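Coordinate analysis (summary)
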Amino acid sequence: MNLESLIHAAIDGEITPEEQTQLEALLRSDWQARQRYLELVDQHARLLLQPAINTGRLQTAAPKKSPPHRWWPSLTAAAAAIACAFLFWPRHQVETEATSNGVAMLSQTMDAQFATALRSGDTLKPGRIQLAQGLAQIEFFSGATALIEGGAEIEILSAWEARCLSGRVRVHVPPAAKGFLMHAPGMKLEDLGTEFALNVKDNTSAVHVFEGEVIAHTDAQTSASLKQGMSLSSLKTTAVSPQDFLSISELHSLVQKRDTQRFDQWQQSSLATRKDPRLIAYYTFKHWEDDRWDRLVNNFTEPRRPSRAGGAVGASWTQGRWQKKEALEFKRPGDRVRLNLDGTYHALTLACWVKVDSVDKKYNSLLLTDGYDNGEPHWQIYEDGSLMFSIMYRPAEAAKSAKYNQMYYSRPVFTADSLGRWHHLAVTYDNTSGEVIQYFDGQEVGREISKLHQPGRDIVFGPCEIGNWGLPTLGHQFPIRNLNGAIDEFAIYSAALNASEVRNLYDHGKPE
């Protein structure tokens, strides 16, 4: 059980003696664990003391005060004791805000192969980038844009400065980035706007200005003003031609062609996927143009099961992973897709493509059942960016308010640098082994078996929602759980897919 789960178990009064020992060991050995413990206990105390947030429900009578929790005095005492001890334990300064050392962004790629793993949307820190083949577009935070061709190596120095070590690069500098510097063997180029190209080969540099003006500083400590149509080489014997460089319009044309091919490939893969007999439901988020209401979210399993189609509420149709592909965008507390999935199952896999714009709530819904009855799974993104899966099995004699849900967390996967991009998420659960495995972009990011697991208990869905929580548990502290982002393709299986099958879902569906 991870630290967050142990702390929540202690707060909820469900921690076992073994888990208590594990928690105490973590608190003694790790100052960050102690810090997190105090934050969560303080947060819980504030929620108990502050007035209830109005959720929009009408009340017919004044709510009764809940009896004080019997465990609260002991918990606050424990927190106070740890707080006192915390003052004397060595600790480091904690950053409360997400930080990034990036100075540029890899905005587009085309058949790119880098020396290190990079993909479109990555934030780039100062350092060297080697592009073995393909094309890559880098947008500097100053506003300058560089188009790099395969066989090139550049060094990013800052948001305003870079060095071309080898290969060909084309640079566009808008007025806001005037003064952007590009270093090369034998010269330094100061762009006064707006576009030039550079070719570095065998430690020799040649530059051509397509538009605007560039000040070229050479090793001879002389400067030359190069204007539209002019070229300069560090060796007189080396010439440069404008036709040697790829234009940005050509890159866009190539990317569009690539995207069309990827979309066509995904469509062929999707036709095979929908025939998988293990599918409970398969939503590709394609709606028909002649559908007057455009609120139907079709279930594309074969054979067709129209009763498992969804209904979009509030959520807006938007572009998916490709220009011709649709997705649903969730922004407001009312946005959701309503489902009603019949059947009883012994294992499951939930898989979807999602673009998360912000993890702005404690719990951010992927798929939640109405309420939280026995055998019902919940799949969410937790506030720290981790994937969270849970399933409820409450004994018949237990109080409704008692918590018996098995909870599983992955490592945090949604960070400042991974937001606003398409990612593939998946989780598998087998009711025999009790093992939950979570995946992010085809890679395993969590594996756990709950101590509360008992083999053979059924899995059910019933009324449920994608991207929201339709019927929160009465009096729940966190009833608002709508996703802030978009979902493109959602598959629900009645089996636990293996790692290779999850990887195939990612490989066949990734945008690039």
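Now for a look at the structure at hand. (Residues numbered from 1 in each chain as written. Predicted model: local features only at pLDDT ≥ 70, side-chain atom pairs only at ≥ 80, totals over all residues. Heavy atoms only, no water.)

Attention now moves to the overall build of the chain. From N to C terminus, the chain includes six helices and 27 strands. Looking at the chain as a whole, 47% of its 512 residues qualify as buried. A separation of at least 24 residues holds for 58% of the contacts in the chain among residues at least 6 apart in sequence. Per element, the accessible surface of the chain, about 25,400 Å² overall, is 52% carbon and sulfur. (Helix = DSSP H or I, 4+ residues; strand = E, 2+ residues; numbered from the N terminus. Buried < 20%, exposed > 50% of the residue type's maximum accessible area, 1.4 Å probe, protein only. Contact = heavy atoms within 4.5 Å. Areas by Shrake-Rupley, 256 points an atom, 1.4 Å probe, with all protein chains shown as cover.)

In this section: the pattern of salt bridges. The final tally for this structure, using the stated rule, is 26 salt bridges. Residues Arg128 and Glu153 are paired through a salt bridge, measuring 3.5 Å at the closest nitrogen-oxygen approach. Of the two residues, Arg128 sits in strand β3 (residues 127–140) while Glu153 sits in strand β5 (residues 152–158), which places them 25 residues apart along the sequence. According to the relative accessible area criterion, Glu153 is buried, its value standing at 16%. Here Asp357 and Lys331 are joined by a salt bridge, their closest N and O atoms 2.6 Å apart. Note that Asp357 is positioned in the loop between β18 (347–356) and β19 (363–369) and Lys331 in the loop between β16 (326–330) and β17 (336–345), a separation of 26 residues in sequence. Residue Asp357 is classed as partly exposed on the basis of its relative accessible area, which comes to 28%. Judged by relative accessible area, Lys331 falls into the partly exposed class, the value being 38%. Connected through salt bridges with shared partners, the residues Arg321, Lys325, Asp488 and Glu489 form a single ionic network. (Salt bridge = Lys/Arg side-chain N within 4 Å of Asp/Glu carboxyl O.)

With that settled, consider empty space enclosed by the protein. In this structure the tally under the stated criterion is one cavity of 30 Å³ or more. At the level of elements, β3 and β5 are the ones that each hand at least two residues to the lining of the largest cavity. Tallied by class, residues from the lining of the largest cavity come to seven nonpolar, no polar and one charged. (1 Å grid on protein atoms, 1.4 Å probe; cavity = no way out; pocket = protein on both sides within 12 Å on 5 of 7 lines; lining within 4 Å. Points joined across faces, edges and corners; volume = space filled by probe spheres on them. Nonpolar A, V, L, I, M, F, W, Y, C, P; charged D, E, K, R; others polar.)

Turning to the nonpolar core, a few remarks are in order. Ranked by internal contacts, the top residues of the largest apolar core, which has 44 residues, are Tyr283, Phe389, Phe461 and Phe490. Counting residues per element, this core draws most heavily on β18, which supplies five residues. Once residues within four sequence positions are removed from consideration, Phe461 is found in contact with Ile280, Leu341, Tyr345, Leu348, Leu350, Leu367, Thr369, Glu376, Pro377 and Ile492. (Core = buried A, V, L, I, M, F, W, Y, C linked by side-chain atoms within 4.5 Å.)

This part covers the environment of Ala347. Within the secondary structure, Ala347 sits in strand β18. A sequence separation of 150 residues divides Ala347 from Leu497, and the C-alpha atoms of the two residues are 9.3 Å apart. Ignoring sequence-local partners within four residues, the contact set of Ala347 consists of Tyr429, Asp430, Ile459, Tyr493, Ser494, Ala495 and Ala496.

What follows concerns the sheet that holds strand β13 (residues 296–297). Strand order in the open sheet formed by eight strands is β13-β14-β17-β26-β19-β20-β21-β22, with antiparallel pairing between adjacent strands. With one partner strand each, in any of the chains shown, β13 and β22 (405–412) form the two edges of the open sheet. Sheet analysis places β19 next to strand β20 (residues 377–382), joined by five bridges and oriented antiparallel. Bridge pairing links Leu367 to Trp379 in β20. (Pairing = 2+ DSSP bridges.)

Once that is clear, we can look at the layout of surface pockets. Over the atoms rolls a probe the size of a water molecule, and its path tells where empty space is left. In this structure, the second largest pocket spans a volume of roughly 1,200 Å³. As for the second largest pocket, its lining consists of 44 residues, of which Arg119, Ser120, Gly121, Pro511 and Glu512 are closest to the centre. Of all the elements in the fold, those that place two or more residues in the lining of the second largest pocket are β1 (104–114), α5 (248–273), β23 (422–430) and α6 (499–509). With eight residues, β1 is the largest single contributor of residues to the lining of the second largest pocket.

The buried fraction of β23 is high, at eight of nine residues. Summarising the sheet, β18 and β23 pair through nine bridges and their orientation is antiparallel. Within β23, the position partnered with Leu350 by the bridge is Val427. Linking β23 to strand β24 (residues 435–440), which pair antiparallel, is a turn of four residues; within it Gly434 sits at a positive phi near 75°.

Now for helix α2 (residues 17–29). The end-to-end C-alpha distance of α2, which contains 13 residues, comes to 19 Å, matching closely the 18 Å that a straight helix rising 1.5 Å per residue would cover. Listed in full, the buried residues belonging to α2 are Glu19, Leu23 and Leu27. With its buried residues spanning 75° around the axis, α2 presents them on a single face. Set apart from the buried face of α2 by more than 90 degrees, the exposed residues are Pro17, Glu18, Thr21, Arg28 and Ser29. (Expected span 1.5 Å × (residues − 1). Arc of directions from axis to C-beta.)

For the peptide bond that leads from Gly193 to Thr194, omega is 5°, which places it in the cis range. Looking at the secondary structure, you find Thr194 in strand β8 (residues 187–201). Omega for the bond connecting Glu302 with Pro303 falls within 30 degrees of zero, at 5°, which places this linkage in the cis form. Relative to the elements of secondary structure, Pro303 occurs in the loop between β13 and β14 (310–313). Of note in the backbone geometry, Phe285 takes a positive phi value of approximately 60° without being a glycine. Tracing the backbone through its elements, the reader meets Phe285 in the loop between β12 (279–283) and β13.

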